[in-house]
Amino acid sequence: MVLALAVLFPLLGPGFVLSYDMVFAPQQSLLPDSLGMGTTPPRSVPADAVVALLTSVLPGDVVQKLLLVTALVLGPWGAGRLVPTQLTSTRLVAATVYGWTPYVAERLFMGHWPYLLAYACLPWVAAAGLAVRSGERKSLARLVLWVAPAVLTPTGGLLAVGTALAAAGWRKAHVVTPALLVLNLPWLVPSLLRSGAVLSAPEAVELFAAKGENWAGAVVAVLGLGGFWNADVVPASRGLPLVPVLTLAVAAAALVSFPALVRRTGGLVALGGVGLGFALLAHLPFGEVLLEWAVSTVPGAALLRDAQKWVAWWALPLALGFALTVEAVGRRGRVIPAVAIALPLVTMPDLAWAGWGRLDTVQYPADWAVVREVLASDPHPGDVLALPLGAFRRFEWNGNRTQLDPAPRVLPRTTVVDDTVYVDGIPVPGEDTRLPEVRDALRDKDLGRVGIGWVLVEHGTPGEVADTDDLTEVFRGPWLTLYRVPGDIVATVPTSTAPILAGNLAALALLAGCVLWQRLPTGRLWFHRCEE
Amino acid sequence: MGKIVAAVVVILAGIALATGGTVALVGVANPDRSIDLDHAPAANGAGGVVDYGTTKR
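Residues numbered from 1 in each chain as written. Chains lettered and ligands numbered in written order. Predicted model: local features only at pLDDT ≥ 70, side-chain atom pairs only at ≥ 80, totals over all residues.

**Remarks on the overall build of chain A**
Right, on to step 1. Within chain A, the regular secondary structure consists of 24 helices and 11 strands.
Right, on to step 2. In terms of C-alpha radius of gyration, chain A reaches 24 Å, essentially the compact-globule figure of 24 Å for 532 residues.
Right, on to step 3. For chain A, the spread of C-alpha atoms along the three principal axes comes to 80 × 55 × 50 Å.
Right, on to step 4. Counting only residues that meet the buried cut, chain A has 56% of its 532 residues in that class.
Right, on to step 5. Intrachain contacts of chain A at a sequence separation of at least 6 include 76% that bridge at least 24 residues. (Helix = DSSP H or I, 4+ residues; strand = E, 2+ residues; numbered from the N terminus. Rg over C-alpha atoms; globule rule 2.2 N^0.38 Å. Buried ≥ 20, exposed ≤ 12 C-beta atoms within 10 Å, placed from the backbone. Contact = placed C-beta atoms within 7 Å.)

**Considering the pairing of strand S9 (residues 452–458) of chain A**
All names here are of chain A.
Right, on to step 1. Burial analysis of S9 places seven of its seven residues in the buried class, the great majority of the element.
Right, on to step 2. Where strand S3 (residues 383–387) and S9 come together, five bridges link them in parallel fashion. Among the inter-strand pairings, Asp 383 is bridged to a residue of S9, identified as Ile 452.
Right, on to step 3. One ladder, built from five bridges, connects S9 with strand S11 (residues 480–484); its direction is antiparallel. Each bridged residue has a counterpart across the sheet, and for Glu 458 the counterpart in S11 is Leu 480. (Pairing = 2+ DSSP bridges.)

**Examining the packing of helix H14 (residues 258–265) of chain A against helix H17 (residues 312–329) of chain A**
Any two packed helices are characterised by how steeply their axes cross, that is the angle between the axes, and by the distance between the axes.
All names here are of chain A.
Right, on to step 1. Where H14 contacts H17, the two axes come as close as 9 Å, and the packing angle between them is 120°. As far as their axial angle goes, H17 and H14 are oblique. Note that H14 runs across H17; the crossing there is right-handed. For the pair H14 and H17, contact is made by Phe 258, Ala 260, Leu 261 and Thr 265 and by Pro 317, Leu 320, Gly 321 and Leu 324, respectively.
Right, on to step 2. Classifying every residue of the contact of H14 with H17 gives six nonpolar, two polar and no charged. (Axes fitted to C-alpha atoms, helices over the stretch in contact; angles between N-to-C directions. Parallel < 35°, antiparallel > 145°, perpendicular 65-115°, else oblique. Left-handed = near helix turned anticlockwise from the far one by under 90°. Nonpolar A, V, L, I, M, F, W, Y, C, P; charged D, E, K, R; others polar.)

**Structural notes on the interface of chain A and chain B**
Right, on to step 1. Taken residue by residue, the interface counts 36 residues in chain A and 27 residues in chain B.
Right, on to step 2. At the level of secondary structure, the elements contributing two or more residues to the side of chain A that touches chain B comprise helix H13 (243–256), H17, helix H18 (335–347), strand S4 (392–394) and strand S7 (421–423) of chain A.
Right, on to step 3. A total of seven residues in the side of chain A that touches chain B trace back to one element, the largest contributor, which is H18 of chain A.
Right, on to step 4. Classifying every residue of the side of chain A that touches chain B gives 22 nonpolar, eight polar and six charged.

**Observations regarding the sheet that holds strand S10 (residues 472–476) of chain A**
The pairing of strands in a sheet happens through backbone hydrogen bonds and is either parallel or antiparallel.
Residues and elements named next belong to chain A.
Right, on to step 1. Reading across the sheet, the five strands line up as S6-S3-S9-S11-S10 and stay open at both edges, with mixed pairing between neighbours. Looking at which strands have only one partner, the edges of the open sheet turn out to be strand S6 (415–416) and S10.
Right, on to step 2. In the sheet, S3 pairs with S6 via two bridges, with the strands oriented parallel. Paired with Leu 385 across the bridge in S6 is Val 416.

**Structural notes on helix H6 (residues 113–133) of chain A**
Residues and elements named next belong to chain A.
Right, on to step 1. Here H6 contains 21 residues, and its C-alpha end-to-end distance of 30 Å stays within 8% of the 30 Å for a straight helix at 1.5 Å per residue.
Right, on to step 2. Along its length, H6 reaches its greatest deviation from straightness, about 35°, at Leu 122, and the proline Pro 123 lies no more than four positions downstream.
Right, on to step 3. Here H6 lies mainly inside the structure; 18 of its 21 residues are buried.
Right, on to step 4. With its phi angle positive at about 80°, Gly 135 sits one or two positions after the end of H6. (Expected span 1.5 Å × (residues − 1). Bend = angle between axes of the 7 residues up to and from the residue.)

**Details of the pairing of S11 of chain A**
If a strand is regular, its side chains alternate between the two faces of the sheet.
Residue and element names in this part refer to chain A.
Right, on to step 1. The element S11 is extensively covered by neighbouring structure, given that four of its five residues are classed as buried.
Right, on to step 2. In the sheet, S10 pairs with S11 via four bridges, with the strands oriented antiparallel. Following the sheet pairing, Glu 473 is matched in S11 by Tyr 483.
Right, on to step 3. Count of turn residues in the S10/S11 antiparallel hairpin: three residues.

**Quick look at unusual backbone geometry**
Residues and elements named next belong to chain A.
Right, on to step 1. The amide bond that connects Val 45 to the next residue, Pro 46, takes the cis arrangement and shows omega of 5°.
Right, on to step 2. Tracing the chain through its elements places Pro 46 in the loop between strand S1 (16–17) and helix H2 (47–55).
Right, on to step 3. Positioned with a positive phi, Phe 286 is a non-glycine residue whose angle comes to about 65°.
Right, on to step 4. Here Phe 286 falls in the exposed class, since 9 other C-beta atoms lie within 10 Å of it.
Right, on to step 5. Its identity is not glycine, yet Trp 356 carries a phi of approximately 55°, on the positive side.
Right, on to step 6. On the neighbour-count criterion, Trp 356 (14 C-beta atoms within 10 Å) is partly exposed.

See the structure below:
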């Protein structure tokens, strides 16, 4: 809790933290895209649906703060609990090494809150997996419930499934795998049913590969849980010349305890190695070529694009191993554990206080509420097209921070944005299958034929706006102008509704069953009975 | 063995603190002459699109 407050305290007041991919709205609507029924890849499914449900009962900024605090509290807490020790100091070492890392800092600044939530759940998933391995009562239900917060996105789901399987062991895989498969159906079904395969441009591999932070290069950066591709979100302290030396010292210290850790925590160390391998795949011989082929050919392989995210698997063995070594060498004194506890904080102080002011809370200008109200009450049909074409915005009202276009989450209708992403000015083609025809219709001034009934022009952000003379202005404010598209609007129908809803219902039923199973005073899963 | 590892960790942590503090102080105290305002990279968004990020360290 102390670690979380040290980071998030400045952000706990009213308002929204809008940074890169993190966009929350006062009230997010449950739309087809929230469940993966639209034309965009289900990257934020079912996270958007869950946030939409939560913001129907709580204000959006409260939901955001609760999720962030939960993510930053659970991780260190879980890592501290997982260390096989009786010493509080050892637990604290594991907690700070796990909870105060470049991975946490960079993903927080980048707005990857679902990854942070998944990262925070991994120690708890591992503990539940180990309980399944040893045949504890109701442990499978506990495992499913701890994996649940992680499955808000495909990446989080896979991180949790990997950890669960590694901890539970292959002997229990036949029980764990089906349960976790059902839990992941909300994003898995739309991914499988997506009309265009979920492929990525091959040039994205080099752009999004792990990068070095200083003189030591990418390998050492990844060993220290850093190496994120976007230099803009890397804490400045990561560039200090001594950081690689400390990284290697911590990794070497962790390595000393790996034999003991392997005996006690099953396959978690091996999984850490897999995470390192994925993160550094683009830097291995032929790795980049292999990845370029995979992401552009194999559906779903695009998940390997931002490869550094898989280093989350390495965090747990690193933290636990280092803590056990510190315990072994510092058992008689207090200095070494104290230094080890403070080490992550001292070497990366610029995560504290919202990254030394990097993040801040802001309020949406009133224009957004007005436009939302118009779109909710006006009977004119059709989806919304957001202009200028582009996925990211820099508004003065948000301190010119780079942020995802908030329109799809603020507005109560499906909103089409150009999901082409630019890195160093190099375009990475987007994956919304609807966009090419929308671009053509915009050029032909015939947006109604592709189901666009409204155009939202966002002001005060870079980008050119197409001619809007043919549109009917409905609202004009300092930050937004809303136009109605005249003429007939062709209705768009969500795709694959039945199987996606079935997948969500199955996952919900499993969760409800596991909650009941935990609550019920009796009952044992069949495989436990078999073992007894 | 244990004492050696402990000594190494303590020494490295001390050096890290000292180096970090020195770098921070020197960085704050002196003007950064490496900044070339004439050839500075364009601000994000100057080209008409907002970059997702940069790989340039």
